[in-house]
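Chain residues, written in single-letter form:
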Amino acid sequence: MNVAHLFARNAARAGDLPALALGARALATHAGLARRAAAIAGSLRGRHGLSAGDRLALVAPNRPDYIELMAACWWAGLAIVPVNAKLHSGEIAWILEHSGARAAFVAEDVASALPEIAGLERVITAGSAEARQLAEGEPLPVAEVSPGDLAWLFYTSGTTGRPKGAMITHGNLLAMTAAFLADVEQVACGDAILHAAPLSHGSGLYALPHAARAACQVVPESGGFDEAEVVATIGAWPGTRLFAAPTIVRRLARHVTACGADLANLAALIYGGAPMYLADLDAAHEALGFRLAQIYGQGESPMTITALDRRLHADRGHPRWRERLASVGTAQLGMEVRIADADGATLPTGAIGEVMARGPAVVPGYWQDPEGTARTMGGGWLRTGDVGCLDEDGFLYLRDRSKDVVISGGMNIYPREVEEALLTHPDVREIAVLGLPDPEWGERVVACVVAAPNVAAAELDAWCLARLARFKRPRDYRFVEALPKNAYGKVLKRELREQLAREREEP
């Protein structure tokens, strides 16, 4: 089934209920959203000449027409390529070219910075007359697709630093939707999801289970996360849920503790994408009540590997309650999870190894990358690259990451990508980039640099900003005479972390 049917069927069963809103203001009913999606689909296939299976990139911050375009693309049988609008223009251009997108819907500041991209035939600027005219097309019926047809090309980087396009199919998204409603949250008709986190990532994925239950898609006036604005917007929409990285949970909890808030309309806050420490969970429960639910997933199994729902968060009578709070829950509907050794053999309960997952949410592979597909998904199991263990009840505990990814504010930052950018500086000799714990962001990026004399941190920071998205740049630069290495010349990042940790502890 085409996931566009999740939007289309609401026109009949909940046509008069609000479907799309900006802040406290409803913009469209479910019937109206379906009509606009059908008309925009007609424009994309007709006026803009796109065909079934073509890719359309979405490169914009959160805005109501982003939701319309997602629905319309699927309605037309197209696939979407959501791209983080905060990326450097060169990074955006690489994704657009690699994806083979024929068209792109982009924010005005992005459109002015994009170079000419091979294969990109149409660039529609958000808010322009051309964008407004999309809704004037001849309405189309929902396109016929197969479960294995591409719906969302999700770019997620690996240890090489180059993004990989996880091919999320219609079947994958429907499996994610069913798992969410079964194991994460039971959404009711007329509830709402507040998109304070990027629509290009988890919040956009969770538009689908909420569409399945005829909930309203609410975009903040600011398009992002502001504590006071989020609290005020929640007040306008009963049954509100939102997806958030742990850093947002912490900020919201602090705001509510300091300023107070009426959270009667807040149904749940679903968190994921980075570790949540027990102390932060305690503070969040104190400020927000037992409204938290946790998910663990990856772009390769979108938001769907394990879950720890609100009931388990609140189960204080269980003898292992606090221990379970430190887990990422149990396997979601249709998913299997096991722990494997380096050879892929299953390890016993309690043993630490690589987390492996399989099920209907796992994507079939990476776009134009058969080697990466075989390496990560060969043998029928997704190799997550995460290290953890399972207890006797099936709760998964993540212990470490085999990949060196740094997760700061819920965003993945890949050290080698930052290292490569800094190594192009003529005075940088060697570099090691790693993540250190940070109370605000979960982790912060630290660069240990061997450089020529008189090189300043400000100079390297400017160098990074010219080549990478702002959120990827190191927050600290440590200048060292040499990097610790093993006999084979490999930099020992664990020793660096231990050294930096000792420095923090010294008076």
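Before reading on, note that the structure itself is shown above.
None of the values given here were measured: they were computed from a predicted structure.

Cut-offs and rules
- Residues numbered from 1 in each chain as written.
- Predicted model: local features only at pLDDT ≥ 70, side-chain atom pairs only at ≥ 80, totals over all residues.
- Heavy atoms only, no water.
- Helix = DSSP H or I, 4+ residues; strand = E, 2+ residues; numbered from the N terminus.
- Rg over C-alpha atoms; globule rule 2.2 N^0.38 Å.
- Buried < 20%, exposed > 50% of the residue type's maximum accessible area, 1.4 Å probe, protein only.
- Areas by Shrake-Rupley, 256 points an atom, 1.4 Å probe, with all protein chains shown as cover.
- Lys, Arg positive; Asp, Glu negative; His and termini not counted.
- Charge placed at Lys NZ, Arg CZ, Asp CG, Glu CD.
- Salt bridge = Lys/Arg side-chain N within 4 Å of Asp/Glu carboxyl O.
- Phe/Tyr/Trp six-rings, centres within 6.5 Å; stacked < 30°, edge-to-face > 60°.
- Lys NZ or Arg CZ within 6 Å of the ring centre and 35° of its normal.
- Disulfide = S-S within 2.5 Å.
- Pairing = 2+ DSSP bridges.
- Contact = heavy atoms within 4.5 Å.
- Axes fitted to C-alpha atoms, helices over the stretch in contact; angles between N-to-C directions.
- Arc of directions from axis to C-beta.
- Parallel < 35°, antiparallel > 145°, perpendicular 65-115°, else oblique.
- Left-handed = near helix turned anticlockwise from the far one by under 90°.
- Nonpolar A, V, L, I, M, F, W, Y, C, P; charged D, E, K, R; others polar.
- Core = buried A, V, L, I, M, F, W, Y, C linked by side-chain atoms within 4.5 Å.

Give me the lowdown on the overall build of the protein chain, citing residues and values where you can.
Within the protein chain, the secondary structure is distributed over 19 helices and 24 strands. The C-alpha atoms of the protein chain give a radius of gyration of 23 Å, which matches the 23 Å a tight globule of 507 residues would have. Summarising its shape, the C-alpha atoms of the protein chain cover approximately 65 × 60 × 50 Å along the three principal directions. In the protein chain, which comprises 507 residues, the proportion classed as buried is 57%. Here the protein chain displays about 20,500 Å² of accessible surface, and carbon together with sulfur accounts for 51% of that area. Taken as two groups, the 50 positive and 59 negative side-chain charges of the protein chain have centres that lie 1 Å from each other.

Which residues make up the pattern of salt bridges, and what values do they have?
Note on pairing: side chains with opposite charge can pair once their charged atoms come close. In this structure the tally under the stated criterion is 23 salt bridges. Of the charged contacts in the structure, one is a salt bridge between aspartate 54 and arginine 102, with a shortest N-O distance of 2.6 Å. On the criterion of sequence distance, the pair formed by aspartate 54 in the loop between α3 (30-45) and β3 (55-59) and arginine 102 in the loop between α5 (89-99) and β5 (103-106) is long-range, its members being 48 residues apart. A single network of salt bridges, built from pairs that share partners, joins Arg320, Glu323, Arg324, Asp391, Glu392 and Asp393.

Kindly report on the packing of aromatic side chains, identifying the contributing residues and their values.
Counted according to the given criterion, the structure contains four aromatic pairs. Lying over the aromatic face of tyrosine 366, lysine 164 brings its terminal NZ or CZ to 5.1 Å of the ring centre. Positioned over the ring face of tryptophan 381 is arginine 338, at 4.5 Å from the centre of the ring.

Run through the state of the cysteines, naming residues and quoting values.
Throughout the structure, instances matching the rule amount to zero disulfides. Cysteine 464 supplies the cysteine sulfur nearest to cysteine 448, a cysteine that is in no disulfide, at a spacing of 14 Å. Among the residues examined, cysteine 448 registers a relative accessible area of 1% and is labelled buried.

Explain the sheet that holds strand β1 (residues 18-22) to me, and be specific about the residues and the numbers.
Read from one edge to the other, the open sheet built from nine strands follows the order β2-β1-β10-β9-β11-β12-β13-β14-β15, with strand pairing classed as mixed. Taken across any chain shown, the strands that pair with only one partner, and hence form the sheet edges, are β2 (25-29) and β15 (330-331). Two strands pair when backbone bridges link them, and strand β12 (residues 266-271) and strand β13 (residues 292-298) are joined in this way by three bridges, in the parallel orientation. From the neighbouring strand, isoleucine 270 faces β13, where its bridge partner is alanine 293. Those strands touched by α3 are β1 and β2, and its axis lies near 60 degrees from that of β2.

Outline helix α18 (residues 457-465), supporting the account with residue identities and numerical values.
Where α18 is concerned, the buried positions are Leu460, Asp461 and Cys464. Viewed along the axis of α18, the buried residues span an arc of 105 degrees, placing them on a single side of the element. Summarising the contacts, the buried residues of α18 are in contact with α17 (415-423), β22 (428-438), β23 (442-451) and β24 (476-479).

Break down the environment of leucine 208 for me, with residues and values.
With respect to the helices and strands, the residue leucine 208 is situated in helix α10 (residues 207-212). For the pair leucine 208 and alanine 103, spaced 105 residues apart in the sequence, the C-alpha separation amounts to 23 Å. In contact with leucine 208, not counting residues within four places along its chain, are Val3, Leu6, Phe7, Trp74, Leu173, Met176 and Thr177.

I'd love a proper account of the packing of α17 against α18, names of residues and values included.
Between α17 and α18, the least distance of the axes is 9 Å, while the angle of their chain directions is 110 degrees. Relative to α18, the element α17 lies roughly perpendicular. As for the relative orientation of α17 and α18, their crossing is right-handed in sense. Counted together, Val418, Ala421 and Leu422 of α17 and Leu460, Trp463 and Cys464 of α18 form the full contact between these two elements. Taken together, the residues of the contact of α17 with α18 sort by class into six nonpolar, no polar and no charged.

With reference to specific residues and values, describe the nonpolar core.
Residues Trp74, Trp75, Leu96, Phe105, Leu173 and Ile270 are the most contacted members of the largest nonpolar core, which totals 124 residues. For this core, the leading source of residues is helix α4 (residues 64-75), giving nine residues. With residues near it in sequence (within four places) discarded, leucine 173 still touches Val3, Trp74, Ala151, Ile168, Leu205 and Leu208.

So what about the environment of alanine 357? Which residues, and what values?
By the element assignment, alanine 357 lies in strand β17 (residues 353-358). Those residues in contact with alanine 357, other than ones at most four positions away along the chain, are Ile305, Met335, Glu336, Val362, Trp381 and Leu382.

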